[in-house]
Amino acid sequence: MKIQQFSIGAVPAVLYGEPAERGYLFLHGQMGCKEEAEAFARAACPRGYQVLSIDLPGHGERQGRGEELLPWTAVPDIRAALDWAERRWGTISLRANSIGAYFAMLAAGRPERALLVSPVLDMEGLILTMMGWAGVTEEQLRERGEIPTAFGQTLSWKYLCWVREHPPSRWTCPVRILYGSEDNMTPRRTAEAYARQHGAKLTVLEGGEHWFHTPEQLAALRQWEELEL
């Protein structure tokens, strides 16, 4: 499989596969990197796709640059990658993980298809849940601006306000979701409600977690990708 490393502006990118008319933009989640796309590309490229993947702010080759993984920093980078893809492919689909799926919903207006793994489907709800875990009220967060938590996330009033002011796109393309029943970031009822409202196909892996990492979970992920490509 052909692999090309390059940059889109200042954003490190990797392209898998021979030149094609169709492509997927792959977006990793928190703590991920662009090279995670390779396993997906091994399924997609033989079917006539190329796969483009980028490092999101603060991740992969962008660690140590002082960048943060925030929607207002990530979305412009994703849009730049989509612009790059639009000049080369006739159709662009998405394959995204976790918060990468949330950013994709903000950045991409009309994908051909969307394959989402453990997507964050309600960012406001997730932030409010984390505030509950930390025992932080909206008034406290507004007054202090940012509040670090014991579980490693820093709560931000600016982030919460931004999320409320920028609703994600409502896609009309086929959307396929792989969701683990033990996902602690997105409640199952949220995933089911999103699937109903958007006509998405929801596949639930019983016992699966937000992060698909065990051999059994990864095997289920690969099988799902092969089926939904």
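Refer to the preceding data block for the structure.
Residues numbered from 1 in each chain as written. Predicted model: local features only at pLDDT ≥ 70, side-chain atom pairs only at ≥ 80, totals over all residues. Heavy atoms only, no water.

Q: Would you take a moment to explain the nonpolar core for this structure?
A: The nonpolar side chains of a soluble globular protein tend to be buried with one another. Counting 58 residues, the largest nonpolar core has F103 and W171 as its most contacted members. The greatest single-element share of this core, amounting to 8 residues, is contributed by helix α3 (residues 98-107). When neighbours within four sequence positions are excluded, F103 is seen to be in contact with L56, L69, L70, P71, A74, V75, I78 and Y159. Ranked by size, the runner-up nonpolar core spans 19 residues in total, among them F26, A41, V51 and V117. (Core = buried A, V, L, I, M, F, W, Y, C linked by side-chain atoms within 4.5 Å. Buried < 20%, exposed > 50% of the residue type's maximum accessible area, 1.4 Å probe, protein only. Helix = DSSP H or I, 4+ residues; strand = E, 2+ residues; numbered from the N terminus. Contact = heavy atoms within 4.5 Å.)

Q: When you look at the pairing of strand β9 (residues 175-180) in this model, what are you seeing that I'm missing?
A: Within a regular strand, the side chains alternate between the two sheet faces. Taking burial as the measure, the 6 residues of β9 include 6 buried ones, the bulk of the element. Neither face of β9 is exposed, since V175, I177 and Y179 on one face and R176, L178 and G180 on the opposite face are all buried. Where strand β6 (residues 114-117) and β9 come together, 4 bridges link them in parallel fashion. Bridge pairing links A114 to V175 in β9. (Pairing = 2+ DSSP bridges.)

Q: Would you take a moment to explain the environment of K158 for this structure?
A: Tracing the backbone shows K158 in helix α6 (residues 157-165). Expressed as a C-alpha distance, the spacing of K158 and L141, which sit 17 residues apart in the sequence, is 9.4 Å.

Q: Sorry if this is basic, but what is going on with helix α2 (residues 71-86) here?
A: Each full turn of the α-helix corresponds to 3.6 residues, which orients residues three or four apart in the same direction. The first and last C-alpha atoms of α2 sit 22 Å apart over 16 residues, in line with the 22 Å expected at 1.5 Å per residue. Turning to α2, its buried residues number three or more, namely P71, A74, V75, D77, I78, A81, L82, W84 and A85. (Expected span 1.5 Å × (residues − 1).)

Q: Explain the sheet that holds strand β10 (residues 201-205) here, please?
A: Hydrogen bonds between backbone groups are what pair the strands of a sheet, and the pairing can be parallel or antiparallel. As summarised here, the arrangement of the 8 strands in space is β1-β2-β4-β3-β5-β6-β9-β10, forming an open sheet in which the pairing is mixed. The two strands at the open ends of the sheet, each matched to only one other strand, are β1 (3-8) and β10. Across the sheet, the axes of successive neighbouring strands diverge by a mean angle of 20°, strand direction being ignored. Pairing of strand β3 (residues 22-27) with strand β5 (residues 91-97) involves 6 bridges; the strand directions are parallel. By the bridge assignment, L27 is partnered in β5 with A96. Contacts from α2 reach β1, β2 (11-16), β3, β4 (49-54) and β5 within the one sheet, and its direction differs from that of β4 by about 155°. Across the sheet, α3 is in contact with β3, β5 and β6; its angle to β5 comes to roughly 140°. (Axes fitted to C-alpha atoms, helices over the stretch in contact; angles between N-to-C directions.)

Q: Whenever I open this one, the environment of I54 confuses me. Can you help?
A: Along the chain, I54 falls in strand β4. On a C-alpha basis, the gap between I54 and A13 in space is 4.3 Å, while along the polypeptide they are 41 residues apart. Beyond its immediate sequence surroundings of up to four residues, I54 is in contact with I8, V11, P12, A13, F26, L27, H28, K34, D77, I78 and A81.

Q: When you look at the packing of α3 against α6 in this model, what are you seeing that I'm missing?
A: How two helices sit against one another is set out by the angle between their axes and by the gap between those axes. Between α3 and α6, the least distance of the axes is 12 Å, while the angle of their chain directions is 50°. For the element pair α3 / α6, the angle class is oblique. When the axes of α3 and α6 are compared, the crossing they make is left-handed. Contact residues: I99, Y102, F103 and L106 in α3; Y159, W162 and V163 in α6. (Parallel < 35°, antiparallel > 145°, perpendicular 65-115°, else oblique. Left-handed = near helix turned anticlockwise from the far one by under 90°.)

Purely geometric stuff here, so don't read any function into it on its own.
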